[in-house]
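# Fold and contact review
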Amino acid sequence: MNYIFLIWTLLPFKALAFKDSTFDPEYNFRLRNITGLPYFLYSWIGSYYNGTTTFNLEYLLDGNGNEVCRTFRNKTTTFASESILAVTKTNPDDKGKNPVQIALKSALTDFDFVHGSDMGNEERNLRWQFLSIEHVVPGYTSGSYKPYFNLSLENDLGPPYHITGASNDTGRGVKTVEMNMSSCDDPADTWWGLSFLDHGDYNPEGIPITEPIVSVMFDNQSASFSFNGWFLINNEKGDAMYGEGSIEFLGKIDPLHSDILNKGSNPSWTPTLGFGNSSMNMKFGGESKESMAVSNGVNDWLIFWPVVGLIFGVFI
């Protein structure tokens, strides 16, 4: 038997096992044929962190720019929510305007992001959401990758990397917060809706609104996120108040769903999910990652090439 042909039969295993015709290294999408990633937020190459978001809301002025009623005077509302922070590779359509794209998803108490979410179900169960850029989800949505926040890198070498930014378009990048609490003239709970503001919002009372500021620090182990800005909160009775809000996230890396964050002057990642080159995310749902990264066409070739090689090896 000709051993050259036996060696030849093994070559396709290395060359084709991770082939995916939809993968373009210039873009930020992961391999489309990876299974075991039930949450659409995991569609992008980058780092994912699980943790807790804490909300602190301070009420400063009423809807007319005067002192708030006694019920809310010197009062701060604080609550926390389980969250996922995604710091991911940018898309070429962003044209280098931002070093990363950031998404923070903060859930209502009983919602499981990973195992209970299609896009419609997630929207109903979000406590709060921050997006630095319009997220175009493969197979779900289309769009223009419009940045909502202008981000910049604050340090020369990382990780850790420090990102800061501001926005004049919070209406789409930052979700409204809904809550139940008392009103000025009634101790019974009523519905309130809170929206964060920027300079572009209607402001007839001349409230000293500043642009909201975001700051993110992240590495291969953990991440912190902070958002600070003015808000307007209204209830169903017509009451309104202005105030300042501080939102902070602290979390640890989710190794199962994250790629390797590289060291350098700008954030970049070595793609690992679907490539079999990292032990931290080798399995999804009990299957090896190699088996899930193989496209349907590649499966056929993996069988075809060894058979052809053996046939020729016998007769030569």
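In short, a report on the structure. (Residues numbered from 1 in each chain as written. Predicted model: local features only at pLDDT ≥ 70, side-chain atom pairs only at ≥ 80, totals over all residues. Heavy atoms only, no water.)

## Quick word on the overall build of the protein
Along the protein, the regular secondary structure elements total 6 helices and 15 strands. Buried positions account for 46% of the 316 residues belonging to the protein. If you take every contact in the protein between residues at least 6 apart in sequence, the share linking residues at least 24 apart comes to 63%. When the accessible surface of the protein is split by element, carbon and sulfur atoms take 53% of a total near 15,600 Å². (Helix = DSSP H or I, 4+ residues; strand = E, 2+ residues; numbered from the N terminus. Buried < 20%, exposed > 50% of the residue type's maximum accessible area, 1.4 Å probe, protein only. Contact = heavy atoms within 4.5 Å. Areas by Shrake-Rupley, 256 points an atom, 1.4 Å probe, with all protein chains shown as cover.)

## Concerning the pairing of strand E2 (residues 76-88)
The side chains of a regular strand alternate between the sheet's two faces. One ladder, built from 13 bridges, connects strand E1 (residues 46-62) with E2; its direction is antiparallel. Directly across from Glu 58, in E2, lies its bridge partner Thr 76. Here E2 runs beside strand E3 (residues 101-107); their pairing, made up of 6 bridges, is antiparallel. Looking across to E3, one finds that Ala 86 is bridged to Ala 103. (Pairing = 2+ DSSP bridges.)

## Section: the pattern of salt bridges
What the rule picks out here adds up to 2 salt bridges. Between Arg 73 and Glu 67 there is a salt bridge; the shortest N-O distance is 3.5 Å. With relative accessibility at 53%, the residue Glu 67 sits in the exposed group. The partner of Lys 237 in a salt bridge is Asp 186, with the nearest N and O atoms 3.1 Å apart. (Salt bridge = Lys/Arg side-chain N within 4 Å of Asp/Glu carboxyl O.)

## A word on the packing of aromatic side chains
Here the structure, examined in full by the defined rule, presents 18 aromatic pairs. Each ring, one from Phe 55 and one from Trp 128, has its centre 6.0 Å from the other, and the planes form 90°; the classification is edge-to-face. Here Phe 55 is found in strand E1, whereas its partner Trp 128 is found in strand E4 (residues 126-131), with 73 residues between them in sequence. Residues Phe 55 and Trp 128 agree in their burial class; the two are buried. Ring pairs connect the aromatic residues Phe 55, Tyr 59, Phe 72, Phe 79, Trp 128, Phe 130, Phe 149, Trp 192, Phe 196, Phe 225, Phe 227 and Phe 231, which therefore count as one cluster. (Phe/Tyr/Trp six-rings, centres within 6.5 Å; stacked < 30°, edge-to-face > 60°.)

## Focus on the environment of Asp 198
Here Asp 198 lies in the loop between strand E8 (186-196) and strand E9 (213-218). Residue classification places Asp 198 among the buried residues on the basis of a relative accessible area of 4%. The spacing of Asp 198 and Asp 169 is 29 residues in sequence and 7.0 Å in space, taken between C-alpha atoms. The residues contacting Asp 198, other than those within four sequence positions of it, are Ser 167, Asn 168, Asp 169, Thr 170, Gly 171, Ile 209, Glu 211 and Pro 212.

From the geometry alone we can't say anything about function, so treat these as descriptive.
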